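# Summary of the model geometry
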Amino acid sequence: MDELLNNGLQKCQLLINLSTKKCYIYIINIEIRMEIKEVFAERLKSARLMNGYSLQKLADAMGNRLTRQALHRYEKGEVIPDAEKINALSKALNVSADYFFRTTKVELSDIEYRKLNKMPQKEVAVIHEKTREYLSRFLELEEILGVDGKFNNPLAATPVTSSYTEVNKAATLLREKWGLGKVSICNVVELLEDKNIKVLKLAIDENIDGLQTYVNGSIPVIAYNTKKGAKSDRIRFTLLHELAHLLLKFDKTGKQKEILCHQFAGAMLLPDETIKAELGSHRNKLSILELGNIKQQYGISIQAIIMRANDCGIINDHYTKQFFFFLKQMNWKIDEPIEYEGIEESSRFEQLLFRALVEGQISISKAAALCNQSLAEFKKMYGPLI
């Protein structure tokens with residue numbers, strides 16, 4: 001009788017344990033589903049804002065396959081659409097289906113750029129979400145590979161900057177710390193990314209040249225506007241101007257601060273000793289041909305060289321104004337007569353992607369998603385090589 005009772009108690013305990021485990025698994029499943037809904041809801045809203053759509057405009061763009069009310073429910077996290085609807089959303093919003101479930105944390109600090117206060121909130125949202133989208137893919141890839149993307153500001157100990165002399169010293173110090181010497185910087189984009197500064201291309205409001213911010217409080221990001229033109233010398237100058245905003249502390253605001261950042265960019269591209277070696281320490285006149293030669297060698301526009309020569313005391317204010325008047329008369333302010341042919345691109349993202357792929361840390365479909373491409377698009381581009 002005692003043995004029978006013990007067996008019965010053991011069976012009851014087993015049933016209780018199994019029941020408890022089932023409840024525990026059920027609770028976990030509910031929590032996972034809730035988390036997935038939250039992620040999908042946030043990512044859908046980000047993709048919509050990135051494209052500049054209202055809920056109704058997104059519904060219209062999809063030919064009303066999904067109503068405004070259904071989209072509102074998705075963004076509230078009330079329900080997740082089926083695979084067919086997710087694919088339709090990804091096509092309408094120009095993102096991969098994987099985008100909606102990416103959980104990499106991307107929190108932007110205040111984005112600093114001129115004309116922010118005058119910009120419509122819709123355009124501000126587009127800038128924020130495009131920045132977050134690109135960085136979420138880049139940071140996820142670095143996380144997969146265990147890449148240390150830590151950034152140390154080499155000018156952190158530099159005092160507050162308020163004059164040309166101080167920005168010139170800061171540029172000289174940075175060149176020294178980064179081992180650049182006095183020679184031309186071959187590729188500014190690549191240089192910045194090698195120093196763990198993320199560089200992003202954006203097609204945004206034409207009044208903006210570039211912007212900068214920090215992601216997750218510690219990852220520096222600089223973006224430049226492709227709508228302002230794809231001339232490499234302009235991209236180089238913009239990136240280094242924004243670098244000044246990132247690295248230096250200023251006690252000036254508005255136009256005065258922008259002038260100091262311009263002077264920093266000029267000093268980085270054409271150091272004091274270098275420009276004086278090219279032009280001499282004092283000049284009464286300069287020719288377009290010699291300035292064009294310097295432009296081609298150092299990747300800095302003729303107009304920026306003139307301003308740099310003035311900053312360094314090589315030419316005076318009166319001649320500087322004369323030269324700019326001459327450029328305006330010749331209609332050379334936008335399209336200068338001599339072009340710089342350098343390439344400003346970085347292959348860091350692709351390099352990390354191919355490394356992860358060949359080492360088996362990601363699948364081909366995951367690689368396509370990280371490139372924001374469909375599997376078919378990715379295979380068409382890289383198929384024979386992978």
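Throughout this description, residue numbers start from 1 for each chain and increase along the sequence as written. Per-residue local features of the predicted model are confined to residues with pLDDT of at least 70, and side-chain atom pairs are confined, for both listing and counting, to 80 or more; whole-chain, interface and lining totals are unaffected and use all residues. Heavy atoms from the whole structure form the basis of all side-chain values; hydrogens and water molecules are not counted.

## Topic: the packing of helix H5 (residues 121-145) against helix H14 (residues 348-358)
With axes taken as lines fitted to C-alpha atoms, and helix axes fitted only over the stretch in contact, angles between N-to-C directions fall between 0 and 180 degrees. Helical segments are the DSSP runs of H or I of at least four residues, strand segments are the runs of E of at least two, and each set is numbered from the N terminus. Look at H5 against H14: their axes get within 10 Å of each other, and the N-to-C directions meet at 40°. Taken together, the axes of H5 and H14 are oblique relative to one another. For the pair H5 and H14, the crossing hand works out as left-handed. Facing Arg137, Phe138, Leu141, Glu142 and Leu145 of H5, the residues of H14 in contact are Arg348, Phe349, Leu352, Leu353, Arg355 and Ala356. Under this grouping Gly is polar, as are all residues other than the nonpolar Ala, Val, Leu, Ile, Met, Phe, Trp, Tyr, Cys and Pro and the charged Asp, Glu, Lys and Arg. Residue classes in the contact of H5 with H14 are distributed as seven nonpolar, no polar and four charged. Under this scheme an angle from 65 to 115 degrees is roughly perpendicular, one under 35 degrees roughly parallel, and one over 145 degrees roughly antiparallel; angles in between are oblique. Here a crossing is taken to be left-handed if its near helix is turned anticlockwise relative to the far helix by less than a right angle, and right-handed if that turn runs clockwise. The criterion used for residue contact is that any of the two residues' heavy atoms lie within 4.5 Å.

## So, helix H11 (residues 288-298)
Exposure categories follow from relative accessible area, calculated using a 1.4 Å probe and restricted to protein chains: below 20% of the type maximum is buried, above 50% is exposed, and the middle band is partly exposed. Within the sequence span of H11, burial applies to Ile288, Leu291, Gly292, Ile294, Lys295 and Tyr298. Along the axis of H11, the buried residues cluster in a sector spanning 160°; they form a single face. Contact partners of the buried residues in H11: helix H8 (232-247), helix H9 (254-269), helix H10 (272-279), helix H12 (302-311) and helix H13 (317-329). Among the residues trailing H11, glycine 299 stands out with phi positive, at a value near 65°. The arc under discussion is defined with respect to the helix axis, by the directions toward the C-beta atoms.

## Points about the pattern of salt bridges
Note on definitions: salt bridges are taken to be side-chain nitrogens of Lys or Arg within 4 Å of carboxyl oxygens of Asp or Glu. Evaluation of the coordinates by the stated rule reveals 19 salt bridges. Put simply, lysine 276 and aspartate 272 hold a salt bridge, and the shortest N to O gap is 3.2 Å. With a gap of four residues between them, lysine 276 and aspartate 272 both fall in helix H10, about one helical turn apart. By relative accessible area, which is 32% here, lysine 276 ends up partly exposed. Shared partners join several salt bridges into a network, and the residues in it are Glu42, Glu129 and Arg132.

## Remarks on the pairing of strand E2 (residues 210-215)
Of all six residues making up E2, five are buried, and the element is well covered by its neighbours. Any two strands are treated as partners once DSSP identifies two or more bridges connecting them. Between E2 and strand E3 (residues 219-225), which pair antiparallel and follow one another directly, the connecting turn spans three residues, one of which, asparagine 216, has a positive phi of 55°.

## Digging into the packing of aromatic side chains
Ring geometry is summarised as follows: Phe, Tyr and Trp rings, the Trp one being its six-membered ring, pair when their centres sit within 6.5 Å, and such pairs are stacked at plane angles under 30 degrees, edge-to-face over 60 and tilted between the two. Under the criterion given, the structure shown has 11 aromatic pairs. Each ring, one from phenylalanine 40 and one from phenylalanine 100, has its centre 5.3 Å from the other, and the planes form 40°; the classification is tilted. With a gap of 60 residues between them, phenylalanine 40 in helix H1 (residues 2-50) and phenylalanine 100 in the loop between helix H4 (83-93) and H5 connect regions that are remote in the sequence. The burial state of phenylalanine 40 is the same as that of phenylalanine 100; both residues are buried. Seen from their ring centres, phenylalanine 138 and phenylalanine 349 are 5.5 Å apart, and the 75° between their planes marks the pair as edge-to-face.

## Comments concerning the nonpolar core
To form a nonpolar core, buried Ala, Val, Leu, Ile, Met, Phe, Trp, Tyr and Cys residues must be joined to one another through side-chain atoms within 4.5 Å. In terms of nonpolar packing, the biggest core is built from 58 residues, with Leu192, Leu239, Leu243, Phe264 and Phe323 touching the most fellow members. Top contributing element to this core by residue count: H8, with eight residues. Once residues within four sequence positions are removed from consideration, leucine 239 is found in contact with Val188, Val189, Leu192, Val199, Ile222 and Tyr224. Core analysis: the next-biggest nonpolar cluster, separate from the first, contains 32 residues, Val106, Leu211, Ile219 and Leu370 among them.

## Focus on the packing of H8 against H9
Between H8 and H9, the shortest axis-to-axis distance is 8 Å and the interhelical angle comes to 120°. Considering the angle they form, H8 stands oblique to H9. Like other packed secondary-structure pairs, H8 and H9 cross with a definite hand, here right-handed. Residues Arg236, Phe237, Leu240, His241, Leu243, Ala244 and His245 of H8 touch H9, and the partners they reach there are Lys257, Glu258, Cys261, His262, Phe264, Ala265, Gly266, Met268 and Leu269. Residues belonging to the contact of H8 with H9 are distributed by class as follows: nine nonpolar, four polar and three charged.

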